[in-house]
Amino acid sequence: MHALPFMVALVIAAVLAPAVLHALQAGGHTKPNYRDRRLPCPFGVLTLTAVLIALIPLTLLQQLTSIDVFHPEALPIGVYAIGILALGLIDDAFAGDGGDRGARALRRGWRGHGGAVLRGEPSTGALKAAGSLGLALFAMSYFGLSNGRWLLAALVLVLATHVFNLLDLRPGRSTKALVLLGAGLVIGSADLRPLWALGLFAAPALIAGFYDLRERSMLGDSGASLLGALAGLWLVLTLSGTGQLVALALLALITLYGELRSISELVERTPGLRQLDSWGRP
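Residues numbered from 1 in each chain as written. Predicted model: local features only at pLDDT ≥ 70, side-chain atom pairs only at ≥ 80, totals over all residues. Heavy atoms only, no water.

A. Structural view of the layout of surface pockets. Put simply, the largest pocket is a space of about 670 Å³. What lines the largest pocket is a set of 24 residues, among which Val163, Phe164, Leu167, Ala177 and Ile254 lie closest to the centre. Mapped by element, the contributors of at least two residues to the lining of the largest pocket are helix 7 (147–167), helix 8 (173–189), helix 10 (220–238), helix 11 (241–260), helix 12 (263–268) and helix 13 (273–278). Looking at the lining of the largest pocket, the element that brings in the most residues is helix 8, giving six residues. The class makeup of the residues in the lining of the largest pocket is 21 nonpolar, no polar and three charged. (1 Å grid on protein atoms, 1.4 Å probe; cavity = no way out; pocket = protein on both sides within 12 Å on 5 of 7 lines; lining within 4 Å. Points joined across faces, edges and corners; volume = space filled by probe spheres on them. Helix = DSSP H or I, 4+ residues; strand = E, 2+ residues; numbered from the N terminus. Nonpolar A, V, L, I, M, F, W, Y, C, P; charged D, E, K, R; others polar.)

See below:
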C-alpha cells in the first residue's frame, strides 16, 4: 500500500493539470522562457495543489482503516517539500519577470544574492537559501541521526535543492536529472522504498515536469526547487554516510561550476549530454 500515495497523487495531478494551466494563463501569470516564448508560470503550483487534495482520501483511508498508507518518514519529507514549495512560490511572486532562463541564472547564483544582501537590497534568493537551511535542519532532526550525520544530511538537502534550481535553464532538464538520479539510486540499492516515501510529491512533480519539457509551461523556482528537494531527500534516504559525503562533494562542485561558468554551455558542447538535454522538446 505504500505505493498508493504515488498513484493517487499522479492521477489527481494529471486531471488537474489542464485546469491549472488555464488558470495561470487566464490570470496573466506568464514568463518568457529561453526562446522568449511567454508560458504559464509557476507550474509548481500544480504539485502543491495535487498533494493537498490527495491528502484527503489518503488520510481518511489511513485514519479509518488499519492500513499504513504513509511511510514513517512522511512527516519530515512533507515539512521539507511543502516548505521548499512555499519558498519557491515567494521567489516566483516577488523576483520579477526574470527574462529568459539564462539571464535569471546570473541573478540567482549565491554570489548575486549575497551581493544584494550586502548592498542592503531585498533578495528572495537569499531568503530561499536561509529558509531551505532552516527547513533542512528541522526536517532531518526527525530522523534520529547523530549530530554529524544530521548536519551532513541537511547540507545534502540544501545543496541538492540549489543545484536543481541551477539546472532549470532549459525545458525538462531538472526533471530528467531527477529521473536519472532516481533510476541510478534504485538500481544501485535495489530498494524502491525511498521512491514510495517521496511518491506523494514525486508523482505530481513528474506531471508538471512533462508540461515543462513540452514547453507548455515553466516550473518556476517553486517547481525546480521541489525537484531538488526530492533529489536531496532521495539521496539521504538511500545512501550511507560515506555515500552522502561523496554526494555532497559532487553537489558542491556543480554549485561552484554553476557560480563561475555556464552549465548550459557545458551541456551544449558535450556530445551525449546535448542530445539527452534536447530529447522530448517540441
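B. Structural view of the confidence of the model for the chain. Residues with a pLDDT of 70 or more make up 90% of the chain, whose mean pLDDT is 90. Segment residues 98–107 is flagged for pLDDT under 50; beyond a separation of four residues in sequence, or across chains, it makes 23 contacts in the model. (pLDDT = per-residue confidence, 0-100. Contact = heavy atoms within 4.5 Å.)

C. Quick peek at a nonpolar patch on the surface. Side chains of Ile53, Ile56, Leu60 and Leu64 sit close together on the surface and give an oily, nonpolar patch of about 400 Å² of accessible area. Tracing the backbone through its elements, the reader meets isoleucine 56 in helix 2 (residues 44–64). (Patch = residues over 30% accessible without salt bridge, like charges linked within 9 Å, V, L, I, M, F, W, Y side chains within 5 Å. Areas by Shrake-Rupley, 256 points an atom, 1.4 Å probe, with all protein chains shown as cover. Salt bridge = Lys/Arg side-chain N within 4 Å of Asp/Glu carboxyl O.)

D. Summary view of the packing of aromatic side chains. Taken as a whole, this structure holds four aromatic pairs when the rule is applied. The interplanar angle of 75 degrees and the centroid separation of 5.7 Å between the aromatic rings of phenylalanine 6 and tryptophan 196 together place this pair among those described as edge-to-face. Of the two residues, phenylalanine 6 is situated in helix 1 (residues 4–26) and tryptophan 196 in helix 9 (residues 193–213); the sequence distance between them amounts to 190 residues. Its relative accessible area of 16% is what places phenylalanine 6 among the buried residues. A centroid spacing of 5.4 Å and a plane angle of 80 degrees characterise the contact between phenylalanine 138 and tyrosine 142, whose relative ring orientation is edge-to-face. On the basis of relative accessibility, which here comes to 43%, the residue phenylalanine 138 falls in the partly exposed class. (Phe/Tyr/Trp six-rings, centres within 6.5 Å; stacked < 30°, edge-to-face > 60°. Buried < 20%, exposed > 50% of the residue type's maximum accessible area, 1.4 Å probe, protein only.)

E. Inspection of the pattern of salt bridges at higher detail. Taken as a whole, this structure holds seven salt bridges when the rule is applied. Here arginine 35 makes a salt bridge to glutamate 215, at a shortest N to O gap of 2.9 Å. With arginine 35 in the loop between strand 1 (30–32) and strand 2 (38–40) and glutamate 215 in the loop between helix 9 and helix 10, the pair connects residues that are 180 residues apart, well separated along the chain. Linking aspartate 277 and arginine 173 is a salt bridge whose minimum nitrogen-to-oxygen distance equals 2.8 Å. With aspartate 277 in helix 13 and arginine 173 in helix 8, this pair connects stretches of sequence that are 104 residues apart. Like arginine 173, aspartate 277 is buried. Connected via shared salt-bridge partners are Arg35, Arg37 and Glu215.

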